Amino acid sequence: MSTDPLSLDVYVAPMRPYASPDQLGEGEVATWAPSSSTLISGPTEGILIDALLTFDNADQIAEMAKRSGKNITGVYITHGHGDHWLGLARLLEHFPDARGFAAPEVAARAAWEADIDKKTGYWTSRFPGELPETPVLPEEISDDEIMVDGQVVNLIHIGQGDIDGSTIFHVPAADAVVAGDVVYNNVHMMFYEADAAKREAWIASIDAIAALNAKTVVAGHKSVGAADLPENTLAVSQQYVRDFNASAKDAGTVEDIVNRMLELHGERDQPHTLWISARAEIARRA
Ligand SMILES: [Zn+2]
(Lines give C-alpha, C1' and ligand atoms only; values in the text may rest on other atoms or scores of the structure.)
Protein backbone atom coordinates (compact mmCIF):
# COMPACT_ATOMS: atom_id res chain seq x y z
CA MET A 1 0.00 0.00 0.00
CA SER A 2 1.34 3.40 -0.99
CA THR A 3 1.74 5.98 1.70
CA ASP A 4 2.04 8.92 -0.67
CA PRO A 5 -0.68 11.40 0.16
CA LEU A 6 -3.16 12.39 -2.52
CA SER A 7 -3.70 15.98 -3.53
CA LEU A 8 -6.64 17.96 -4.89
CA ASP A 9 -6.88 20.52 -7.68
CA VAL A 10 -10.18 22.28 -8.24
CA TYR A 11 -11.38 23.93 -11.44
CA VAL A 12 -14.27 26.39 -11.08
CA ALA A 13 -16.32 27.33 -14.12
CA PRO A 14 -17.44 30.93 -13.46
CA MET A 15 -21.07 32.06 -13.18
CA ARG A 16 -22.39 32.86 -16.68
CA PRO A 17 -25.57 33.77 -18.55
CA TYR A 18 -27.72 31.08 -20.19
CA ALA A 19 -30.93 30.95 -22.23
CA SER A 20 -33.54 30.68 -19.49
CA PRO A 21 -37.17 30.05 -20.44
CA ASP A 22 -38.32 31.34 -17.04
CA GLN A 23 -40.46 34.43 -16.58
CA LEU A 24 -37.90 36.46 -14.63
CA GLY A 25 -38.64 38.52 -11.54
CA GLU A 26 -37.89 42.18 -10.95
CA GLY A 27 -34.10 42.59 -11.09
CA GLU A 28 -33.53 38.88 -11.74
CA VAL A 29 -30.75 37.89 -14.17
CA ALA A 30 -30.63 34.39 -15.67
CA THR A 31 -27.18 33.04 -14.80
CA TRP A 32 -25.86 29.52 -14.32
CA ALA A 33 -24.13 28.85 -11.00
CA PRO A 34 -20.34 28.70 -10.79
CA SER A 35 -19.50 24.98 -10.69
CA SER A 36 -16.51 22.86 -9.72
CA SER A 37 -14.67 19.82 -10.98
CA THR A 38 -11.95 18.24 -8.83
CA LEU A 39 -8.79 16.35 -9.75
CA ILE A 40 -7.71 13.87 -7.07
CA SER A 41 -4.21 12.67 -7.79
CA GLY A 42 -1.20 10.79 -6.49
CA PRO A 43 2.32 10.71 -7.89
CA THR A 44 1.27 9.16 -11.23
CA GLU A 45 -2.53 8.67 -11.38
CA GLY A 46 -5.55 10.90 -11.14
CA ILE A 47 -9.34 10.76 -11.17
CA LEU A 48 -11.74 13.58 -11.88
CA ILE A 49 -14.91 14.25 -9.89
CA ASP A 50 -17.68 15.69 -12.08
CA ALA A 51 -17.49 16.57 -15.78
CA LEU A 52 -19.70 19.68 -15.62
CA LEU A 53 -21.84 20.73 -18.54
CA THR A 54 -20.60 22.48 -21.68
CA PHE A 55 -17.85 21.80 -24.22
CA ASP A 56 -15.89 24.70 -22.74
CA ASN A 57 -16.30 23.36 -19.19
CA ALA A 58 -14.91 19.99 -20.30
CA ASP A 59 -12.01 21.58 -22.21
CA GLN A 60 -11.02 23.61 -19.13
CA ILE A 61 -11.19 20.56 -16.88
CA ALA A 62 -9.06 18.62 -19.37
CA GLU A 63 -6.51 21.41 -19.41
CA MET A 64 -6.19 21.26 -15.62
CA ALA A 65 -5.82 17.49 -15.72
CA LYS A 66 -3.27 17.51 -18.56
CA ARG A 67 -1.23 20.21 -16.83
CA SER A 68 -0.90 17.86 -13.85
CA GLY A 69 0.79 15.28 -16.06
CA LYS A 70 -1.10 12.48 -14.27
CA ASN A 71 -2.61 9.45 -15.96
CA ILE A 72 -6.38 10.06 -15.76
CA THR A 73 -8.00 6.71 -14.99
CA GLY A 74 -11.64 7.71 -14.58
CA VAL A 75 -14.23 10.45 -14.25
CA TYR A 76 -16.69 9.99 -11.37
CA ILE A 77 -20.02 11.81 -11.09
CA THR A 78 -21.47 13.02 -7.78
CA HIS A 79 -25.17 13.17 -8.73
CA GLY A 80 -27.41 12.96 -11.75
CA HIS A 81 -28.09 16.62 -12.55
CA GLY A 82 -26.99 17.35 -16.12
CA ASP A 83 -24.71 20.23 -15.16
CA HIS A 84 -22.41 17.73 -13.44
CA TRP A 85 -22.11 15.06 -16.13
CA LEU A 86 -23.20 16.25 -19.62
CA GLY A 87 -19.61 17.41 -20.17
CA LEU A 88 -18.52 13.75 -20.03
CA ALA A 89 -18.76 13.16 -23.79
CA ARG A 90 -16.31 15.96 -24.53
CA LEU A 91 -14.07 15.25 -21.54
CA LEU A 92 -13.55 11.61 -22.55
CA GLU A 93 -12.45 12.75 -26.02
CA HIS A 94 -9.48 14.30 -24.22
CA PHE A 95 -8.82 11.07 -22.28
CA PRO A 96 -9.77 8.18 -24.57
CA ASP A 97 -8.42 5.56 -22.12
CA ALA A 98 -10.61 6.83 -19.27
CA ARG A 99 -14.30 6.07 -18.64
CA GLY A 100 -17.11 7.81 -16.80
CA PHE A 101 -18.50 6.16 -13.67
CA ALA A 102 -21.19 6.76 -11.08
CA ALA A 103 -23.10 4.95 -8.35
CA PRO A 104 -26.17 3.11 -9.70
CA GLU A 105 -28.60 5.71 -8.30
CA VAL A 106 -26.59 8.49 -9.94
CA ALA A 107 -26.31 6.69 -13.27
CA ALA A 108 -30.08 6.08 -13.23
CA ARG A 109 -30.86 9.75 -12.66
CA ALA A 110 -28.39 10.76 -15.38
CA ALA A 111 -30.15 8.41 -17.83
CA TRP A 112 -33.48 9.97 -16.84
CA GLU A 113 -32.12 13.48 -17.48
CA ALA A 114 -30.82 12.42 -20.91
CA ASP A 115 -34.28 11.08 -21.71
CA ILE A 116 -35.99 14.29 -20.55
CA ASP A 117 -33.62 16.31 -22.71
CA LYS A 118 -34.46 14.19 -25.74
CA LYS A 119 -38.18 14.76 -25.13
CA THR A 120 -38.21 18.39 -24.01
CA GLY A 121 -34.79 19.87 -24.82
CA TYR A 122 -34.46 20.84 -21.17
CA TRP A 123 -30.65 21.13 -21.33
CA THR A 124 -30.00 21.74 -25.02
CA SER A 125 -32.44 24.67 -25.18
CA ARG A 126 -30.67 26.36 -22.27
CA PHE A 127 -27.17 25.88 -23.75
CA PRO A 128 -27.69 25.81 -27.53
CA GLY A 129 -24.63 24.65 -29.48
CA GLU A 130 -22.66 23.95 -26.30
CA LEU A 131 -23.71 20.38 -25.56
CA PRO A 132 -23.13 17.02 -27.28
CA GLU A 133 -25.89 15.75 -29.55
CA THR A 134 -25.51 12.32 -28.04
CA PRO A 135 -24.55 12.41 -24.38
CA VAL A 136 -22.21 9.80 -22.87
CA LEU A 137 -23.77 8.40 -19.70
CA PRO A 138 -21.67 7.40 -16.70
CA GLU A 139 -21.36 3.63 -16.23
CA GLU A 140 -22.67 2.09 -13.02
CA ILE A 141 -20.07 1.03 -10.48
CA SER A 142 -20.77 -1.35 -7.62
CA ASP A 143 -17.43 -0.98 -5.81
CA ASP A 144 -17.36 2.06 -3.55
CA GLU A 145 -13.58 1.91 -3.08
CA ILE A 146 -11.73 3.67 -5.89
CA MET A 147 -7.96 3.27 -6.00
CA VAL A 148 -5.67 6.16 -6.92
CA ASP A 149 -1.97 5.27 -6.80
CA GLY A 150 -2.63 2.66 -4.13
CA GLN A 151 -4.73 4.95 -1.93
CA VAL A 152 -8.47 4.57 -1.39
CA VAL A 153 -11.05 7.17 -2.34
CA ASN A 154 -14.42 6.23 -0.82
CA LEU A 155 -17.66 6.83 -2.66
CA ILE A 156 -20.31 7.49 0.02
CA HIS A 157 -24.05 7.21 -0.71
CA ILE A 158 -24.99 10.27 1.30
CA GLY A 159 -28.55 10.51 -0.04
CA GLN A 160 -30.25 13.90 0.04
CA GLY A 161 -28.49 16.95 -1.38
CA ASP A 162 -30.09 19.25 -3.94
CA ILE A 163 -31.49 15.93 -5.18
CA ASP A 164 -31.88 12.59 -3.43
CA GLY A 165 -29.55 9.81 -4.50
CA SER A 166 -26.52 12.06 -4.17
CA THR A 167 -23.01 10.74 -3.52
CA ILE A 168 -19.81 12.28 -2.17
CA PHE A 169 -16.16 11.26 -2.36
CA HIS A 170 -14.06 11.01 0.80
CA VAL A 171 -10.30 11.15 0.33
CA PRO A 172 -8.65 10.08 3.62
CA ALA A 173 -5.17 10.43 2.07
CA ALA A 174 -5.87 14.13 1.44
CA ASP A 175 -8.11 14.69 4.47
CA ALA A 176 -10.73 15.96 2.02
CA VAL A 177 -14.31 15.52 0.87
CA VAL A 178 -15.60 16.31 -2.60
CA ALA A 179 -19.23 16.91 -1.72
CA GLY A 180 -21.07 17.77 -4.94
CA ASP A 181 -24.30 19.68 -4.35
CA VAL A 182 -24.72 18.58 -0.75
CA VAL A 183 -22.89 21.74 0.30
CA TYR A 184 -22.52 25.12 -1.40
CA ASN A 185 -19.76 27.68 -0.96
CA ASN A 186 -20.94 31.29 -1.24
CA VAL A 187 -23.58 30.35 -3.84
CA HIS A 188 -27.37 30.36 -3.35
CA MET A 189 -28.61 26.80 -2.75
CA MET A 190 -31.10 25.07 -5.04
CA PHE A 191 -34.43 23.95 -3.55
CA TYR A 192 -36.27 23.34 -6.83
CA GLU A 193 -36.60 19.66 -5.94
CA ALA A 194 -36.16 19.90 -2.17
CA ASP A 195 -39.36 20.48 -0.24
CA ALA A 196 -39.41 21.04 3.54
CA ALA A 197 -39.10 17.32 4.39
CA LYS A 198 -36.20 16.83 1.97
CA ARG A 199 -34.49 19.91 3.36
CA GLU A 200 -34.50 18.26 6.82
CA ALA A 201 -32.86 15.17 5.31
CA TRP A 202 -30.38 17.46 3.56
CA ILE A 203 -29.32 19.01 6.90
CA ALA A 204 -28.68 15.48 8.18
CA SER A 205 -26.53 14.72 5.11
CA ILE A 206 -24.34 17.69 5.98
CA ASP A 207 -24.00 16.38 9.55
CA ALA A 208 -22.73 13.13 8.04
CA ILE A 209 -20.11 15.03 6.04
CA ALA A 210 -19.08 17.02 9.12
CA ALA A 211 -18.54 13.74 10.99
CA LEU A 212 -15.75 12.88 8.52
CA ASN A 213 -13.77 15.79 10.04
CA ALA A 214 -12.06 16.64 6.77
CA LYS A 215 -9.82 19.69 6.49
CA THR A 216 -10.89 20.34 2.90
CA VAL A 217 -14.49 20.34 1.65
CA VAL A 218 -15.15 21.06 -2.01
CA ALA A 219 -18.66 22.24 -2.91
CA GLY A 220 -20.22 21.43 -6.28
CA HIS A 221 -21.18 25.08 -6.64
CA LYS A 222 -18.66 27.57 -5.27
CA SER A 223 -17.54 31.10 -6.04
CA VAL A 224 -14.34 31.43 -8.02
CA GLY A 225 -11.54 31.72 -5.46
CA ALA A 226 -13.61 30.62 -2.45
CA ALA A 227 -11.50 28.53 -0.06
CA ASP A 228 -12.55 24.86 0.18
CA LEU A 229 -12.84 24.91 3.95
CA PRO A 230 -15.32 23.29 6.35
CA GLU A 231 -16.21 26.71 7.79
CA ASN A 232 -17.24 27.93 4.32
CA THR A 233 -19.38 24.91 3.47
CA LEU A 234 -20.86 22.85 6.34
CA ALA A 235 -22.64 24.76 9.14
CA VAL A 236 -23.15 27.73 6.81
CA SER A 237 -25.01 25.55 4.30
CA GLN A 238 -27.18 24.18 7.11
CA GLN A 239 -27.86 27.72 8.28
CA TYR A 240 -28.83 28.72 4.75
CA VAL A 241 -31.37 25.87 4.65
CA ARG A 242 -32.81 26.93 8.01
CA ASP A 243 -32.96 30.58 6.93
CA PHE A 244 -34.83 29.55 3.79
CA ASN A 245 -37.28 27.52 5.88
CA ALA A 246 -37.90 30.52 8.14
CA SER A 247 -38.12 32.96 5.22
CA ALA A 248 -40.60 30.73 3.40
CA LYS A 249 -42.74 29.93 6.44
CA ASP A 250 -45.23 32.80 6.35
CA ALA A 251 -44.10 34.44 3.10
CA GLY A 252 -47.01 35.33 0.84
CA THR A 253 -45.07 35.75 -2.38
CA VAL A 254 -41.94 34.73 -4.24
CA GLU A 255 -40.58 38.25 -3.73
CA ASP A 256 -41.07 37.97 0.05
CA ILE A 257 -38.82 34.92 0.18
CA VAL A 258 -36.23 36.41 -2.18
CA ASN A 259 -36.03 39.70 -0.31
CA ARG A 260 -35.76 38.07 3.11
CA MET A 261 -33.01 35.73 1.91
CA LEU A 262 -31.10 38.50 0.13
CA GLU A 263 -31.02 40.44 3.40
CA LEU A 264 -29.37 37.46 5.09
CA HIS A 265 -27.29 36.06 2.22
CA GLY A 266 -26.90 38.88 -0.29
CA GLU A 267 -23.16 38.26 -0.63
CA ARG A 268 -23.69 34.92 -2.36
CA ASP A 269 -23.33 34.35 -6.10
CA GLN A 270 -26.22 33.18 -8.25
CA PRO A 271 -29.36 34.93 -6.94
CA HIS A 272 -31.21 33.42 -9.95
CA THR A 273 -31.14 30.09 -8.07
CA LEU A 274 -32.80 31.77 -5.09
CA TRP A 275 -35.59 32.99 -7.38
CA ILE A 276 -36.06 29.47 -8.78
CA SER A 277 -36.14 28.01 -5.24
CA ALA A 278 -38.66 30.63 -4.10
CA ARG A 279 -40.94 30.06 -7.13
CA ALA A 280 -40.84 26.30 -6.52
CA GLU A 281 -41.64 26.75 -2.83
CA ILE A 282 -44.67 28.94 -3.52
CA ALA A 283 -45.81 26.56 -6.30
CA ARG A 284 -45.63 23.60 -3.88
CA ARG A 285 -48.28 25.30 -1.73
CA ALA A 286 -50.78 25.66 -4.55
ZN1 LIG B 1 -25.51 21.39 -9.56
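Placed above this text is the structure.
No experiment lies behind these values; they were computed from the predicted model shown.

A. Broad picture of the pairing of strand E5 (residues 45-49). Counting buried positions along E5 yields 4 of 5 residues, so the element is predominantly enclosed. Note: strand E4 (residues 35-41) against E5, 4 bridges, orientation antiparallel. In the sheet register, Leu39 faces E5, and the bridge partner there is Leu48. Count of turn residues in the E4/E5 antiparallel hairpin: 3 residues.

B. Geometry of the nonpolar core. The biggest cluster of nonpolar side chains holds 78 residues, and the ones touching the most others in it are Ile40, Ala51, Tyr76, Ala179, Val183, Ile209 and Val217. The contact partners of Tyr76, leaving out residues within four places of it in the chain, are Ile47, Ile49, Phe101, Ala102, Ile146 and Phe169.

C. How the structure looks around unusual backbone geometry. The residue Leu52 is not glycine, and still its phi comes out positive at about 55 degrees. In this fold, Leu52 is placed in the loop between E5 and helix H1 (55-68). Even without glycine at this site, Asn186 takes up a positive phi of about 60 degrees.

D. Broad picture of helix H8 (residues 271-285). If you check H8, its first and last C-alpha atoms are 22 Å apart, about what 15 residues at 1.5 Å a residue would give, namely 21 Å. For H8, the full list of buried residues reads Pro271, His272, Thr273, Leu274, Trp275, Ile276, Ser277, Ala278 and Glu281. Check the buried side of H8 and you find it contacts strand E3 (31-32), helix H6 (235-249) and helix H7 (254-265).

E. Here's a closer look at the packing of H6 against H7. Here H6 crosses H7 at 145 degrees, and the two axes come no closer than 9 Å. Relative to H7, the crossing made by H6 is right-handed. Here H6 contributes Tyr240, Asp243, Phe244, Ser247 and Ala248 to the contact with H7, which in turn contributes Ile257, Arg260, Met261, Leu264 and His265. Tallied by class, residues from the contact of H6 with H7 come to 6 nonpolar, 2 polar and 2 charged.

F. The arrangement of the pairing of strand E7 (residues 99-102) in detail. Where strand E6 (residues 71-76) lies against E7, 3 bridges are found, and the strand directions are parallel. By the bridge assignment, Gly74 is partnered in E7 with Arg99. This β-α-β element, E6 to helix H2 (residues 88-94) to E7, shows right-handed connectivity. Regarding the hand of the β-α-β motif, the stretch spanning E7, helix H3 (residues 104-120) and strand E8 (residues 139-140) is right-handed.

Analysis parameters
- Residues numbered from 1 in each chain as written.
- Predicted model: local features only at pLDDT ≥ 70, side-chain atom pairs only at ≥ 80, totals over all residues.
- Buried ≥ 20, exposed ≤ 12 C-beta atoms within 10 Å, placed from the backbone.
- Helix = DSSP H or I, 4+ residues; strand = E, 2+ residues; numbered from the N terminus.
- Pairing = 2+ DSSP bridges.
- Core = buried A, V, L, I, M, F, W, Y, C linked by C-beta atoms within 7 Å.
- Contact = placed C-beta atoms within 7 Å.
- Expected span 1.5 Å × (residues − 1).
- Axes fitted to C-alpha atoms, helices over the stretch in contact; angles between N-to-C directions.
- Left-handed = near helix turned anticlockwise from the far one by under 90°.
- Nonpolar A, V, L, I, M, F, W, Y, C, P; charged D, E, K, R; others polar.
- Right-handed = clockwise from strand over helix to strand, strands pointing away.

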